[in-house]
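Notes for the structure review
Here is how the chains run, residue by residue.
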Amino acid sequence: DPFAGDPPRHPALRVNSLKPFNAEPPPELLTQSFLTPNELFFTRNHLPVPAVEPGSYRLRVEGPGGRALSLSLAELRQRFPKHEVTATLQCAGNRRSEMSRVRPVKGLAWDIGAISTARWGGARLRDVLLAAGVRDNTGDSTGDDNEWHVCFEGLDADASGTPYGASIPLKRALSAEAEVLLAYEMNGTELPRDHGFPVRVVVPGVVGARSVKWLRSVAVSPAESPSHWQQKDYKGFCPSVDWDSVDFGAAPAIQELPVQSAITEPRPGAAVAAGELTVKGYAWSGGGREVVRVDVSLDGGRTWREAELGPRPERGRGWAWALWELRAPVPAGARLDIVCKAVDRSYNVQPDSVAPIWNLRGVLSNAWHRVPVTVTR
Ligand code: MTE
Ligand code: MO
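Report follows, based on the coordinates. In this text the structure is predicted, and so the values were computed from the model without any measurement. (Residues numbered from 1 in each chain as written. Chains lettered and ligands numbered in written order. Predicted model: local features only at pLDDT ≥ 70, side-chain atom pairs only at ≥ 80, totals over all residues. Heavy atoms only, no water.)

**Topic: the overall build of the protein**
To keep it simple, the criterion reads: Secondary structure is summarised from DSSP: a helix means a run of H or I of at least four residues, a strand means a run of E of at least two, and numbering begins at the N terminus for each. As a reference, a globule follows 2.2 Å times the number of residues to the power 0.38, and the radius of gyration itself is taken over C-alpha atoms. A simple rule labels every residue: compare its accessible area, found with a 1.4 Å probe on the protein chains alone, to the largest value its type can have, and call it buried under 20%, exposed over 50%, or partly exposed in between. Each accessible area value is a Shrake-Rupley result obtained with a 1.4 Å probe; residue values ignore everything except the protein chains displayed when judging cover. In this tally, Lys and Arg are treated as positive and Asp and Glu as negative; His is ignored, and so are the chain termini. Working definition for charges: the position is that of NZ of Lys, CZ of Arg, CG of Asp or CD of Glu.
Along the protein, the regular secondary structure elements total six helices and 22 strands. Computed over its C-alpha atoms, the radius of gyration of the protein comes to 21 Å, within 12% of the 21 Å expected for a compact globule of 377 residues. The principal-axis extents of the C-alpha atoms in the protein amount to approximately 70 × 45 × 45 Å. Counting only residues that meet the buried cut, the protein has 56% of its 377 residues in that class. In the structure as shown, the protein presents an accessible area of about 15600 Å², 51% of it carried by carbon and sulfur atoms. Of the charged side chains in the protein, 44 are positive and 43 negative; the average position of the first set lies 2 Å away from that of the second.

This is the structure in structure tokens:
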């Protein structure tokens, strides 16, 4: 059993697949705290968790023109200043189960919990690339450096030895504002095994798939990662595209994610007490586009009120979600159709229904979240 060495997990996690391990926290625990506790942070593994001996761990960093660095964990910690970022990671498949209710899709049936937030600590990828001899000339937009990518490989590999891999544009990797990390800390402790021990990439504002765990190598390349997960997965398509007609080469790989929100309390189908109802949820957008507003409806979208956004420790750096709350009086015996939708600082909004954004892989599922409940008599 290649999964026999996987670590123990928290019993509260909702397991979507055991081998490889994929699990999400229950919604009401997800919004209990701004930072998701490490043991409740959603886990998305494609392969067995590799066993890494920290003393012999080496990170290989390949610059252009054959220059390369090999860094021990101690060197990564000592040679580069530690940088900390509070960032939300969301899987492209978050809320996929709502998409498969429209028509079946291929993929894990995530509910609304394939998203979590942590304070990450590590070396800036930018600093490590500069130390490897990469030139910082991406400000020159006429240069073809804009097409270059930084490719990552994990230590996790399939039976044929092919590792998990992904890439991001070199421009993002070198940008000081983008704050891409080679993280060795998560919420103040070393990375847990499920989340990439000893080193993972954290790409704030970008789909979780690019934040490669158990990082083995970083390579500057004139092309995107050749990995299956960059080329043949994590792309969006027209609702009419099916598995016979799909051309994965025709769509760009997902990087920054669209605006998202969901209701974590109450749960669909719940019977709530008459009086004051508290509705809770999260809202987030990709690319550092901070959420500026969350609208909530109790009548299926006919009338709206503005939710109260919770405190955000790093205001102005838009990498983390906003937790929100709405209190409203509800009469005994009512049937409520609770809906939420978020607005980001570019005034992007969520689509009102799933069908027009349906895609065969069930990614980018960000329609208004709907939760029907009844109020008891
Ligand atoms: N990195 C490696 N090496 N192997 C993986 O399977 N899964 C990716 C990404 N990095 C993955 C990986 C995907 S699809 C997501 S959504 C995030 O890790 C999930 O990170 P988490 O498990 O820490 O939540
Ligand atoms: Mo993912």
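**Looking at the environment of Ser 297**
Let me state the cut-off plainly: Throughout, a residue-residue contact means that at least one pair of heavy atoms, one from each residue, lies within 4.5 Å. As used in this structure description, the phrase polar contact means that two N or O atoms lie within 3.5 Å; if the pair is within protein, one of them must be able to donate a hydrogen and the other to accept it, and residues adjacent in sequence are counted only when both atoms belong to side chains.
Examined against the element boundaries, Ser 297 turns out to sit in strand E17 (residues 291-297). Here the alpha-carbon distance between Ser 297 and Ala 307, two residues 10 residues apart in the chain, equals 9.7 Å. Not counting residues within four places of it along the chain, the set of residues in contact with Ser 297 comprises Arg 302, Thr 303, Trp 304, Asp 337, Ile 338 and Val 339. Of the polar contacts made by the side chain of Ser 297, one reaches the backbone nitrogen of Gly 301; its length is 2.8 Å.

**Comments concerning the site of ligand 1**
The line we're drawing: Note on definitions. A residue lies near a molecule or strand when any single heavy atom of the residue is within 4 Å of it.
Surrounding ligand 1, one finds 19 residues, the nearest of these being Phe 42, Asp 156, His 195, Arg 200 and Lys 213. One nitrogen or oxygen atom from the main chain of Ser 211 is found 3.0 Å from a nitrogen atom belonging to ligand 1. Note that an oxygen atom of ligand 1 is positioned 2.5 Å from one of the side-chain N or O atoms of Lys 213. Out of a free accessible area of 530 Å², ligand 1 has 100% covered by protein chains. The set of elements that each furnish at least two residues to the shell around ligand 1 consists of strand E3 (43-44) and strand E8 (149-157).

**Section: the pairing of E17**
To keep things clear, this is the line we draw: Note on pairing: DSSP must find at least two bridges between two strands before they are called paired.
The element E17 is largely enclosed, with a buried count of five among its seven residues. Sheet analysis places E17 next to strand E21 (residues 335-344), joined by six bridges and oriented antiparallel. What sits directly across from Val 294, in E21, is Ala 342. Of the pairings in the sheet, the one linking E17 to strand E18 (residues 305-306) comprises two bridges and is antiparallel in character. Residue pairing across strands places Val 296 opposite Arg 305, the latter belonging to E18.

**What to know about the environment of Val 373**
By the element assignment, Val 373 lies in strand E22 (residues 369-375). With near-sequence residues (within four places) excluded, Val 373 lies in contact with Pro 266, Arg 267, Ala 270, Val 272, Ala 334, Arg 335, Leu 336 and Ile 338.

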